[in-house]
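Structural features, examined
Given next are the chains, with one letter for each unit.
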Amino acid sequence: MLPKKSPAQDDYLQLKEMFGEDGGALVLAIKTDKLYTEENFLMWKQLGDSIAKLDGVNSVLSEADLFTINNNTEEGKFEANPVFIDEEFQEKSIEEIRQEIRRIPLYDGVLYNDSTNVSLMMISIDEAFLSDQNKSDVVLDAEAIALGYEHVFGKMHFAGLPHIRVVMGKRVVSEMYIFIGLAIFVTSLLLYIFFRSFRVVLFCNLVVFTAVIWSLGSIGLMGFKLSILMALIPPLMIVIGIPNCIFLLNKFHQEVKDHGNKIKAISRVIAKVGNATFLTNLTTALGFSTFMFTNSEKLVEFGTTASLNIMFVFILSICIIPILFSLTKHPKPRHLKHLEKKFSVTIVNKLVYITTTHRKIIYAVTIGVVAIAIFGATKMEATGNLTSDLPESDPILQDIHFIEENFKGAIPFEILINYKKDARKFDRATLQKVEAIQNEIEKDSEFSKSISLVNFMKLINMAYYGNNPEMYKLIERRDMLRLKGYVENFQSDIEKTQRVYGFQDSLRKGNLNYADSIMLDNPKLAKRIMQFEPVADSLDSISLPTLPNETQISNFLAENEVSKEVLAVSEKMFPVSAVGLSLKELIDTTNTTYRVRMQVLDLGSYEIDEKIKKVSAMMDTILNPHHAKAMTYFEEYTNGKYTYADSIFALSNAYRNNTSYNIADGNDSLLFQFDLDPALLSSYYEKSEFRAALEKAIDDEKLEYLVTGTSVVAAEGTQYLIKNLLTSLTIAVFIIAILMAFLFRSWRMVIISLVPNFIPLIITAGIMGLFAIPVKPSTILVFSIAFGISVDDTIHFLAKYRQELKVRSYDQRACVINALYETGLSMFYTSIVLFFGFSMFAFSQFGGTKALGLLVSLTMLVAMLTNLTVLPSLLLTLENRIATKAFREPFINIYDEEIDIELSDLEVDPRTRIDYDPSDPHHVRGQE
């Protein structure tokens, strides 16, 4: 929901640019205390291998795919060896495998939780597949394979953003078709109940069915994707299109009933109701178009598509309904009976009676309800976590809770730290600061275990000391230089492994020559395939080689076709690196940036915001403990108090060293003098270059950071959305107020027209507060949507009221009563259709969509009551104060009705006689 240009979005894009996606892992979890049996462990491995073969799966990582880093003292480098490779369990027993994995602290809390016997399998999915609707089924395919092993491991739990994205995306599409079907069914049923005509139902359905096709076509033509918001548009076209049809049909039937001329009735429907219907659709479109002012790409797309299609609905209804009825037979008397139904007449009579005799009661009840609603509105709370729209019983949410219970967080939370200088990359002091940050985060029960370069360095140190778990700690300064070569060699081996992965992909595609490349590059692998045994050619005392040489491998390949075996063995010997074990996932040397990876609980947006503030404050304290004071002292220095430079240097010797380095500017001799004579630097305090050198020294010493990740972006997006939707609602009110002023040219009428439409919004806000319905992206849409639709009834009523004023010489009471009789039934019908139409969203699997449907339905119902009671009551109370000349002569004429005159009432003006003589009114010309 964030705009393309925002700090949170920029930070997230920076993360993606350096390290790729943060949420591309599908997580599969099992709970069993029997994983470490030969049969089950082998099955766990087979499950991972089966999933790894799917197109779009980058890698699979589980306890069956791990490796141990060993110290090769002869070659002075570390080697990564698979923990499990022998499926016959001849090299290692299952218990030895378990102990070897448990000796490595990094995996604890990342891939397994021993206390609860829960193990994870992390499946990395290619982002290109997740973004492609036709390829995203790889997630479902992987899950289907996993479900086939439930008889072995028990219930499979799925989590991770790929799972949420794909499963919820499939639901969106399926729900859209369900809502379209439900909306058509309920509106068809209501139409038949109201009009008792299958013809009416058929014609109205033709209008909305065409509108649905147009809406889906417009989404595709404009290149928009079918999101949860977009999926609401087709059913919206149904519940908005049907009221158009009802107003047109009611007027058509009233005209036929009055004079019996079908063609004349159709003509009057277009002339009298067409303008009003156009304006009601325009106001509804304006309500949706305000989403375009939010600067959020998704909401702009939604607002653009919805507003355009609402106007399309008007075009369809004003064309199709009159055309079809002009081609059909004259309506039968039974089709017109709905105008005189006792129920309908009773409703309108009751409304007239209440508004003309009990206005005080209407005002008292309205004020009381609004007061309670305002109290409830003060209790509204905002949220917006990723799964806030899912009910507690939903499998997605239950699986996420399962992961959270066993591994704490489940939603990516990332920290990037800019260490600025390449020399700091493996600096112990800097790494200790990162370690301190991780230790502080670990104290927070809402965060999972974090992984950074620090964990890698600890693992390297442990490997150097023979994989002693007690040495899983940062490398001591005395070992840093000695281990530098080890680390560089290990990185070279990692790159070699990446080449093997590329060769494997080529082999899978049928390029068999790459089997040669794999064997020639990896003598250990070749030894296993060749079953190589060194043979002595002489009695020389020289030790025999343990690995085959290049000539021996080439000769073997020339005589044997082993591409399938090479692929199988290489997949076992070169498992994917464990999460966080590849330096390129934890450090970007180009941008001098560390990455600290973790997950956080699926918290609400404002809770995440508090979490960000807390983490940021903690990081400022650890990373830059002296920066604030240094800047304060620097300000004093710039004011001429040069001794404050000493105060800055007293904070940290790094400031002195950096300043000396900056002043020397490559002059090694001067830098050496600064080292020999610390007092020499003070002679520069009053020189111009010292200020710039000192400022740069302070800035260079400050470690900058940013907090990002999916959880952060979602939280920021929710807050941004809530603020901007409130703005869009204000814009909607302003635009519609201007439109009403254009229509009626009376500021009093603008106020009167807005009051009955504000009351439903206040009541809805009160209900949300009283019943603890949170404000979130889905529910905040209620207000803009409801306001844009509810004002339609106001326009229809006031348009008829103004027309009555022109005919009845400003008899306020008669005008209001006639307007109620004319439009009350249509307003009742349309409101009922809207109420039940939006209620269909209550069947959604998404809590947000469900709340949206129920709240809009409720708002529509309240809007109907206020437009049929409060609005006429206000008109009657104010009477002549609102009947201004401006109101009588608007800019735009709607319901400009012709006046029928009875022929029997006509009188002939004597002046029109053909024999009329002005000098003699009784004399006829030509008669002498």
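All values reported here derive from a predicted model rather than from experimental measurement.

Criteria and thresholds
Residues numbered from 1 in each chain as written. Predicted model: local features only at pLDDT ≥ 70, side-chain atom pairs only at ≥ 80, totals over all residues. Heavy atoms only, no water. Helix = DSSP H or I, 4+ residues; strand = E, 2+ residues; numbered from the N terminus. Buried < 20%, exposed > 50% of the residue type's maximum accessible area, 1.4 Å probe, protein only. Contact = heavy atoms within 4.5 Å. Areas by Shrake-Rupley, 256 points an atom, 1.4 Å probe, with all protein chains shown as cover. Axes fitted to C-alpha atoms, helices over the stretch in contact; angles between N-to-C directions. Parallel < 35°, antiparallel > 145°, perpendicular 65-115°, else oblique. Left-handed = near helix turned anticlockwise from the far one by under 90°. Nonpolar A, V, L, I, M, F, W, Y, C, P; charged D, E, K, R; others polar. Core = buried A, V, L, I, M, F, W, Y, C linked by side-chain atoms within 4.5 Å. Salt bridge = Lys/Arg side-chain N within 4 Å of Asp/Glu carboxyl O. Expected span 1.5 Å × (residues − 1). Polar contact = N/O pair within 3.5 Å; in protein donor to acceptor, adjacent residues only side chain to side chain. pLDDT = per-residue confidence, 0-100.

A few words now on the overall build of the protein chain. A tally of regular secondary structure across the protein chain gives 35 helices and eleven strands. Split into buried and exposed, the 928 residues of the protein chain put 54% on the buried side. Expressed as a percentage of contacts within the protein chain between residues at least 6 apart in sequence, the contacts between residues at least 24 apart total 77%. Accessible surface computed for the protein chain: about 42300 Å², of which carbon and sulfur atoms make up 55%.

A few words on the packing of helix H16 (residues 428–442) against helix H24 (residues 605–623). Between H16 and H24, the least distance of the axes is 10 Å, while the angle of their chain directions is 150°. Relative to H24, H16 is oriented roughly antiparallel. The two elements H16 and H24 meet at a crossing, and its hand is right-handed. Between H16, through Lys433, Ala436, Ile437, Glu440 and Ile441, and H24, the contact on the second element is made entirely by Met618, Met619, Ile622 and Leu623. Per-class residue counts for the contact of H16 with H24 are seven nonpolar, no polar and two charged.

Looking now at the nonpolar core. The biggest cluster of nonpolar side chains holds 145 residues, and the ones touching the most others in it are Phe288, Phe797 and Phe838. Setting aside residues no more than four positions away along its own chain, Phe797 makes contact with Val816, Ala819, Leu820, Thr823, Met827, Leu871, Pro872 and Leu875. One finds Phe67, Phe447, Met480 and Ile622 within the second-largest nonpolar core, a separate group that totals 90 residues.

The subject of this paragraph is the packing of helix H19 (residues 514–521) against helix H22 (residues 563–573). The N-to-C vectors of H19 and H22 enclose an angle of 50°; their axes lie 9 Å apart at closest approach. Comparing the axis directions of H19 and H22 gives the class oblique. Here H19 runs over H22; the crossing is left-handed. Contacts between H19 and H22 involve Ala515, Ile518 and Met519 from the first element and Ser563, Val566 and Ser570 from the second. When its residues are assigned to classes, the contact of H19 with H22 shows four nonpolar, two polar and no charged.

Moving on to the pattern of salt bridges. Think of it this way: side chains of opposite charge can pair up when their charged atoms draw near. Inspection of every chain in the model, using the stated rule, returns 26 salt bridges. Of the charged contacts, one joins Arg595 and Glu414 as a salt bridge, the two residues approaching to 2.9 Å between their closest N and O atoms. Separated by 181 residues along the polypeptide, Arg595 in strand S10 (residues 593–600) and Glu414 in strand S8 (residues 411–418) bring together distant segments of the chain. Of the two residues examined, Arg595 and Glu414, each falls in the buried class. Linking Asp444 and Lys611 is a salt bridge whose minimum nitrogen-to-oxygen distance equals 3.0 Å. With Asp444 in the loop between H16 and helix H17 (453–464) and Lys611 in helix H24, the pair connects residues that are 167 residues apart, well separated along the chain. For the residue pair Asp444 and Lys611, the accessibility class agrees, reading buried in each case. Through salt bridges with shared partners, a single network forms among Lys45, Asp49 and Asp65.

All right, on to unusual backbone geometry then. Although it is not a glycine, Asn467 adopts a positive phi angle of roughly 55°. Looking at the element boundaries, Asn467 is found in the loop between H17 and helix H18 (477–508). Despite not being glycine, Ala772 shows a phi value in the positive range, around 55°. With respect to the secondary-structure elements, Ala772 resides in the loop between helix H31 (747–770) and helix H32 (777–807).

If you check helix H15 (residues 395–407), its first and last C-alpha atoms are 18 Å apart, about what 13 residues at 1.5 Å a residue would give, namely 18 Å. Where H15 is concerned, the buried positions are Ile396, Leu397, Asp399, Ile400, Phe402, Ile403, Glu404, Asn406 and Phe407. For H15, the secondary structure elements touched by its buried residues are strand S1 (25–31), strand S5 (112–113), strand S6 (118–125), strand S7 (157–159) and helix H7 (161–195). Within two residues after H15, Lys408 carries a phi angle of roughly 65°, on the positive side.

Within the secondary structure, Asp394 is located in the loop between helix H14 (359–377) and H15. From its side chain, Asp394 meets the backbone nitrogen of Ile396 in a polar contact 2.8 Å long.

A few words on the confidence of the model for the protein chain. On average, residues of the protein chain carry a pLDDT of 81, and 89% of them reach 70 or more. When the criterion is pLDDT under 50, residues 895–903 qualifies, and its contacts beyond four places in sequence or with other chains add up to 18 contacts.

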